[in-house]
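# Residue-level structure breakdown
Spelled out from the first residue to the last, the chains are:
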Amino acid sequence: MKKILITGGAGYIGSHTAVELVKSGFEPIIIDDLSNSDVKVLDRLEEIIGKRLTFYKGDCSDRNLLEQIAEEHELAGVIHFAAFKAVGESTMQPLKYYQNNLGSLLTILDFMKAKQIKDLVFSSSCTVYGQPDVLPVTEATPRQDAESPYGNTKKICEDILMDFVKSQAGIRVISLRYFNPVGAHPSAKIGELPKGTPANLVPFVTQTAAGIREKLTVFGDDYDTADGSCVRDFIHVMDLADAHVKALAYLGEQQDYFYDVFNVGTGNGNTVLEVIRTFENVNGVKVNFEIGPKRAGDIVKIWADTAKINSILNWHPSYSLEDSLRDSWNWQKTL
Ligand SMILES: NC(=O)c1ccc[n+]([C@@H]2O[C@H](COP(=O)([O-])OP(=O)(O)OC[C@H]3O[C@@H](n4cnc5c(N)ncnc54)[C@H](O)[C@@H]3O)[C@@H](O)[C@H]2O)c1
């Protein structure tokens, strides 16, 4: 069984990816400092998987801890999820974001080179495209100046990875550019668990439906879209998790010094208002929302061209928006 170090593996996408890795015969080794997750996730993962996963509580920028992990486990690869991700907070505390998101990647790369760990899958984001001129976006769509320090960390991390691979460090890397992850494991045992006010739409929707928040504000309804609200590409977190397994398998077939990027989305755009209405219809609950002013810096519309990941990784999403919103609600109800 190949052991894969998952940084940030107690978090939203990392925990779902751990489930998919086990299903495909990998052994995940999780390192997480729990800065944005709860240790109970490990119990929930055990219930789903049927065994306890190896877990190290700590910062993945802690080189000594990484050395300890490497002594205890022969690692075949790394999936680097660990990062701070709140766009708004990053504009107020940019150094916190540059420190953690860049610092952790630099430490992980140096560690991988020293230990000759070859394969890395990196969590990038469609934020690197900004507001594209042509839709849908392909991986060849030019990246634009980032709208936030968070977005900039993803862009810089991609550049660091390209330079590192070119330096003949002997590692193979795939950056996955996630669109908008939503949904939860169908068992409702794990899901998105934002600390404080959610920064993403769907947790806000579910918390409003559950009465935890009084009202959801939709930022603008007169954009140039079907119903005037912003358009995003919402991808079920289990499909996203599966993309990591496919990326690892593909890396294993490549020569040394390999770097590539893949969009991970459904290829469809849905408006914010469509998401709210679909959520209400699928779950038979009401969401109290109002239309508010547009937010500065919001991307109006973006969705993925997925031809590359479909053909090269043979990855295809299998969950619908309805599935995602049903799973998100089932998860919310357990909280
Ligand atoms: N969720 C999204 O909308 C989205 C979209 C695009 C890209 N991403 C990226 O995907 C990755 C995972 O996102 P997520 O939604 O699962 O976030 P998350 O906050 O749920 O998970 C990240 C995990 O990393 C941990 N962590 C943070 N810094 C750490 C450090 N230095 N050492 C150890 N652990 C650390 C946190 O405790 C958390 O458990 C991030 O890199 C994020 O930027 C997320």
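Residues numbered from 1 in each chain as written. Predicted model: local features only at pLDDT ≥ 70, side-chain atom pairs only at ≥ 80, totals over all residues.

We apply this condition: UniProt positions are given in the numbering used here, feature names are shortened, and annotations may be inferred rather than shown by experiment.
An unreviewed UniProt entry lists the chain under the name UDP-glucose 4-epimerase, with Algoriphagus ratkowskyi given as the organism. Taken directly from UniProt, the Catalytic activity (unreviewed entry) text for the chain runs: "UDP-alpha-D-glucose = UDP-alpha-D-galactose". Looking at the Sequence similarities (unreviewed entry) heading of the UniProt record, one finds this comment for the chain: "Belongs to the NAD(P)-dependent epimerase/dehydratase family."

## Considerations on the sheet that holds strand β6 (residues 172-178)
So the rule is basically this: Think of it this way: DSSP has to see at least two bridges between two strands before they count as a pair. The way it works is that DSSP assigns letters per residue, a run of H or I at least four long becomes a helix, a run of E at least two long becomes a strand, and they are numbered from the N terminus. Simply put, an axis is a line fit to the C-alpha atoms, just over the touching stretch for a helix, and the angle between two N-to-C directions goes from 0 to 180 degrees. Here, residue contact means that the backbone-derived C-beta atoms of the two residues sit within 7 Å.
Spatial ordering of the open sheet is given by β3-β2-β1-β4-β5-β6-β11, a layout of 7 strands whose pairing is parallel. Each having just a single partner strand, β3 (54-57) and β11 (258-264) make up the two edges of the open sheet. On average, each strand axis in the sheet is tilted by 20° relative to the strand beside it, whichever way the strands run. The pairing of strand β2 (residues 27-32) with β3 spans 4 bridges and is classified as parallel. What sits directly across from Asp32, in β3, is Lys57. On the sheet, helix α6 (residues 149-166) packs against β5 (119-125), β6 and β11 and is oriented at approximately 155° with respect to β5.

## What to know about the UniProt feature "domain: NAD(P)-binding" (unreviewed entry) in the chain
Taking the UniProt record as the reference, the feature "domain: NAD(P)-binding" (unreviewed entry) is found at residues 5-327. A distance of 27 Å separates the end C-alpha atoms of residues 5-327, which is 39% helix and 18% strand.

## Quick notes on the site of the ligand
Applied cut-off: Using a C-beta atom placed from the backbone, a residue is described as near a molecule or strand when that atom lies within 6 Å of it. Under the grouping applied here, Gly and all other residues not named as nonpolar or charged are polar, the nonpolar ones being Ala, Val, Leu, Ile, Met, Phe, Trp, Tyr, Cys and Pro and the charged ones Asp, Glu, Lys and Arg.
Around the ligand, a shell composed of 29 residues is seen, among which Gly8, Gly11, Ser37, Ala83 and Ser123 lie nearest. When contributions to the shell around the ligand are tallied by element, the ones reaching two or more residues are α1 (12-23), β2, α5 (94-115), β5 and β7 (180-182). The leading source of residues in the shell around the ligand is α1, at 3 residues. When the residues that make up the shell around the ligand are grouped by side-chain class, the tally is 11 nonpolar, 14 polar and 4 charged.

## Let's talk about the packing of helix α7 (residues 201-209) against helix α11 (residues 321-334)
Axes are the key here: two packed helices are described by the angle between their axes and the distance separating the axes. To keep it simple, the criterion reads: Under this scheme an angle from 65 to 115 degrees is roughly perpendicular, one under 35 degrees roughly parallel, and one over 145 degrees roughly antiparallel; angles in between are oblique. Here a crossing is called left-handed whenever its near helix is offset anticlockwise from the far helix by less than a right angle, and right-handed whenever the offset is clockwise.
Direction vectors running N to C along α7 and α11 enclose 55°, while the axes themselves pass 10 Å from each other. One way to sum up the angle between α7 and α11 is to call them oblique. Here the hand of the crossing between α7 and α11 comes out right-handed. Mapping the contact onto sequence places Val202, Thr206, Gln207 and Ala209 in α7 and Ser328, Trp329 and Gln332 in α11. Tallied by class, the residues present in the contact of α7 with α11 amount to 3 nonpolar, 4 polar and no charged.

## A look at the environment of Val202
Along the chain, Val202 turns up in helix α7. For the pair formed by Val202 and Ile276, sequence separation is 74 residues and the distance between their alpha carbons is 8.6 Å. Apart from residues no more than four positions distant in its own chain, Val202 is found in contact with Val182 and Ser328.

## So, unusual backbone geometry
Most peptide bonds take the trans configuration, and most residues that are not glycine carry a negative phi. Quick note on the threshold: Burial in this document is a count-based property: other C-beta atoms within 10 Å of a residue's C-beta are tallied, and the residue is buried at 20 or more, exposed at 12 or fewer, or partly exposed in between, with C-beta positions derived from the backbone.
A cis amide bond links Leu135 with the next residue in sequence, Pro136, at an omega value of -5°. Tracing the backbone shows Pro136 in the loop between β5 and α6. A positive phi angle, near 60°, is found at Leu34, a position not held by glycine. Taking the number of C-beta atoms within 10 Å as the measure of exposure, Leu34 has 13 and is therefore partly exposed. Unusually for a residue other than glycine, Gln116 sits at a positive phi of about 55°. Gln116 sits in the exposed class, given 10 other C-beta atoms within 10 Å.

## With respect to the pairing of β2
The condition that has to hold: When the strands point away from the viewer and the path from the first strand over the helix to the second turns clockwise, the crossover is right-handed.
The buried fraction of β2 amounts to 5 of the 6 residues, a majority that puts the element mostly inside the structure. Examined bridge by bridge, strand β1 (residues 3-7) and β2 share 5 bridges and lie parallel to one another. Directly across from Lys3, in β2, lies its bridge partner Glu27. Handedness of the crossover joining β1 and β2 through α1 is recorded here as right-handed.

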